[in-house]
There are 2 protein chains.
Amino acid sequence: MRLIECVPNISEGRDQMVIRPIVMAVAATADVNLLDWSADPDHNRLVLTYVGEPEAVMTATQKLCREAFARIDMQKHKGAHPRLGAVDVIPFVPLRGVSNEEAVALARQLGEWIGEQGVPVYYYEDAATRPERRLLPDVRRGEYEALAARMETPAGAPDAGPAVFNARSGASIIGVRFPLIAFNVNLATSDLAIAKRIAEGIRNSGGGYRNVRAMGVDLKDKGQVQVSIDITQYEKTPIHRVFETVKAEAARYGVEVAGSELVGLAPMAAFEETIRYYLRLHDFSANQIIENRLL
Amino acid sequence: MRLIECVPNISEGRDQMVIRPIVMAVAATADVNLLDWSADPDHNRLVLTYVGEPEAVMTATQKLCREAFARIDMQKHKGAHPRLGAVDVIPFVPLRGVSNEEAVALARQLGEWIGEQGVPVYYYEDAATRPERRLLPDVRRGEYEALAARMETPAGAPDAGPAVFNARSGASIIGVRFPLIAFNVNLATSDLAIAKRIAEGIRNSGGGYRNVRAMGVDLKDKGQVQVSIDITQYEKTPIHRVFETVKAEAARYGVEVAGSELVGLAPMAAFEETIRYYLRLHDFSANQIIENRLL
């Protein structure tokens, strides 16, 4: 079974008469698993997480968009979270058997469809058409309130859909990103400087691994410090390699790893290389896991 | 999703008019996944492997039994493989969310039902009612040909069903066993004595781990030797512990582990402890793997 995840952010976190039909549109789509949804009144924002085969996820997302465009008027929207439109951001995350290229094609297909609904579309991250649109904050700069003026400049031309401002729905930002692994390593010391030095050493910005962001955190309750790690491309920078580097760097201060934490969810594929590396199972295939035969 | 595996062995490996309806009975059962089936003409025996929730697996197994009892006459059966009846052996293997006790209850429920069809039933391994019936070869001793006489002795009294010989269907042997992990470790030496000594040290019969069978094997083509390992209860004797012991024992001869192999399939749960141990992910839960949310 091929699996893609979709995590749309919708600009309504208060009105149940708007939230419910949007959530139901996804929940009622055949072959789509709604893993989570949460509405935040302060942010005035709804975030859904669902997975399924690409076709089913596309169907669910179109249904969600129809509900959101019909029920949300951006001219009345206020909230603490930056946003550009009613269906603000739609990130696709390829989980299993879906290449990045296929996910980008899916994002573009959805973009064309949203464009046909009269809503301008920008692509970001792996779906971006220009380097300056890779980062979401850059695409969203100035927010909905500045969108009309921005669309009149060449820098504000949408990637799909009408090149004119849609006052009711704003614009939608569609992208593809790899699943993020949030993995923390706790050290048996209370010396925060050690965690910070290790974080600096393993993260991309400090000269470390390309797909790693990291910082040192004080866990006062535990009397420990933590190297808090995001791995943005586990296929290229696998979990075990980052972990072993943290362990080796800690050892030079005579500090032991007390334990690790996986925050949230991860796809099975993120741990395949862990199993291969430590057990030296060079030819191990995910297909040898019985559960994978059932998906 | 709860998952149990069933691997029935049926006494017909030649006649497609018998094999097909039996395989189809399982394949056509809703919510059951037929992972594999193979018919061996020399053994004159059919082996199916399917998984699903306990209720669905029970339904499939009853349908399979009906077909087999209707179409197989043991009075005409010849084959190289030992057997006691038309539906010779039915092992249940709890894979996920099913305790051994629940699997035994399922085995006994099926036994009562097969008894009601007029076929005597013996329970073996974890479903056994007597210590001398734990091992399958003991239960099957003398085979179908000796069954009539054996049933007239107290040692031959069935655990369920009629206490009289059924000439057409023989008897059925139903049991519960843990999923077997077949895991081989290849050593970077051609000295078979080293593999044999390590195998002796890790296996139960040699004073090693309780749930381990192992032997040394010569891999002449590779110029390596192998410690070939069966782990019969990975929950109690986890893969990583056996692997690390092999690695440490090899090191005393200055021998490195060249690589490992997983033979066949394993449930995801067999590797959870591997991930926890090596990454020190003490609180890692299988529920954090996205795919597990979809089952």
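Residues numbered from 1 in each chain as written. Chains lettered and ligands numbered in written order. Predicted model: local features only at pLDDT ≥ 70, side-chain atom pairs only at ≥ 80, totals over all residues.

Caption draft 1: Just the sheet that holds strand β8 (residues 181-187) of chain A, in detail. Residues and elements named next belong to chain A. Taking strand neighbours across the sheet as the criterion, the 4 strands line up as β9-β10-β8-β11 in an open arrangement whose pairing is antiparallel. The open sheet has two edge strands with one neighbour each: β9 (212-219) and β11 (257-263). Recorded for the sheet is a direction-independent mean angle of 20 degrees between the axes of neighbouring strands. Where β8 and β11 come together, 6 bridges link them in antiparallel fashion. Each residue of the ladder has a partner; that of Asn-184, found in β11, is Glu-261. Strand contacts of helix α6 (residues 192-202): β8, β9 and β10 (224-231), with the helix running at about 175 degrees to β9, the strand carrying the most contacts. (Pairing = 2+ DSSP bridges. Helix = DSSP H or I, 4+ residues; strand = E, 2+ residues; numbered from the N terminus. Axes fitted to C-alpha atoms, helices over the stretch in contact; angles between N-to-C directions. Contact = placed C-beta atoms within 7 Å.)

Caption draft 2: Seen up close, the sheet that holds strand β10 (residues 224-231) of chain B. Residues and elements named next belong to chain B. If you walk across this open sheet you meet the 4 strands as β9-β10-β8-β11, and the pairing is antiparallel. Here the strands that pair on one side only, and so sit at the sheet edges, are β9 (212-219) and β11 (257-263). The mean inter-strand angle of the sheet, taken between neighbouring strand axes irrespective of direction, is 20 degrees. Taken together, the 7 bridges between strand β8 (residues 181-187) and β10 define a ladder with antiparallel strand orientation. Residue pairing across strands places Ala-182 opposite Asp-230, the latter belonging to β10. Strands in contact with helix α7 (residues 239-251) are β8, β9, β10 and β11; relative to β8, the strand with the most contacts, it is inclined by about 20 degrees.

Caption draft 3: Local environment of the relation of the copies chain B and chain A. Note on the copies: chain B fits chain A at an RMSD of 0.1 Å, the axial shift is 0.0 Å, and the rotation between them is 180 degrees. Seen this way, the second copy is the image of the first under a two-fold rotation axis. A shared binding surface is used by both copies, with 100% of the interface residues of chain B retained as interface residues in chain A. (Least-squares fit on C-alpha atoms with pLDDT ≥ 70 in both.)

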